[in-house]
Amino acid sequence: MNIQCPNCETIFDLPEQVSSNKKYKCSVCNHIWIEKTYEHKALSPNGSEKSDLNKIIILNITIFLLVIIVFVFFRNYLEDIDSNWKSLYLFFDMLIPIQ
Ligand SMILES: [Zn+2]
């Protein structure tokens, strides 16, 4: 683990530190500073971001499927409301020849 003095920019090669926010004193310029280790902190937000993204994707797929189901089940009802729906359904019938 390399620690750099923020004052004189000397790099010290230290054994691996487990604890974060450790206090260091530079042997060259006697500057004292607190080193913050971001390694553990940087990993956890990335992991939560990934799971959030997965949740959003799953939610979008669910909403998309629900909309499709609504459009299929309420076909007769929607066709009665507007003739535009009818032409829309006819278009999809051409794409997927079920009947
Ligand atoms: Zn220094």
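On a predicted model such as this, the values are computed, not experimentally measured, just so you know.

Q: Got a minute to help me understand the overall build of the chain in this structure?
A: Scanning the chain from N- to C-terminus turns up three helices and four strands. Moving toward the C terminus, one meets the helices and strands of the chain in the order β-β-β-β-α-α-α. Within the chain, the fraction of its 99 residues that count as buried is 1%. Expressed as a percentage of contacts within the chain between residues at least 6 apart in sequence, the contacts between residues at least 24 apart total 12%.

Q: Even after reading the chapter, I still don't get the pairing of strand β3 (residues 22-25), so can you show me in this structure?
A: Note on strand geometry: in a regular strand, side chains alternate between the two faces of the sheet. As judged from the four bridges shared by β3 and strand β4 (residues 32-35), these two strands associate in the antiparallel manner. Note on β4: the bridge partner recorded for K22 is E35. Hairpin connection, β3 to β4: the antiparallel pair is bridged by six residues, and N30 has positive phi, about 60°.

Q: Quick question: what am I supposed to make of unusual backbone geometry here?
A: Most peptide bonds take the trans form, and the phi angle of most residues other than glycine is negative. With phi around 65°, E9 is a residue other than glycine that occupies positive phi space. Positionally, E9 belongs in the loop between β1 (2-4) and β2 (11-13). The exposure class assigned to E9 is exposed, which follows from the 10 C-beta atoms found within 10 Å. Phi is positive for N30, close to 60°, though the residue is something other than glycine. Assignment of secondary structure puts N30 in the loop between β3 and β4.

Q: What exactly am I supposed to notice about helix α3 (residues 83-95) here?
A: Because each turn of an α-helix spans 3.6 residues, side chains separated by three or four positions in sequence point in the same direction. When the terminal C-alpha atoms of α3 are compared, their 19 Å separation across 13 residues agrees well with the 18 Å that a helix rising 1.5 Å per residue should span. Burial of α3 is sparse: only zero of the 13 residues sit out of reach of the surface.

Q: Is there a simple way to think about the confidence of the model for the chain in this case?
A: Predicted coordinates in regions of low pLDDT should not be interpreted in detail. Per-residue pLDDT for the chain averages 81, and the proportion of residues at 70 or more is 82%. Ranking the helices and strands of the chain by mean pLDDT puts β2 first, with 88, and helix α1 (residues 39-73) last, with 81.

Reading guide: rules and limits
Residues numbered from 1 in each chain as written. Predicted model: local features only at pLDDT ≥ 70, side-chain atom pairs only at ≥ 80, totals over all residues. Helix = DSSP H or I, 4+ residues; strand = E, 2+ residues; numbered from the N terminus. Buried ≥ 20, exposed ≤ 12 C-beta atoms within 10 Å, placed from the backbone. Contact = placed C-beta atoms within 7 Å. Pairing = 2+ DSSP bridges. Expected span 1.5 Å × (residues − 1). pLDDT = per-residue confidence, 0-100.

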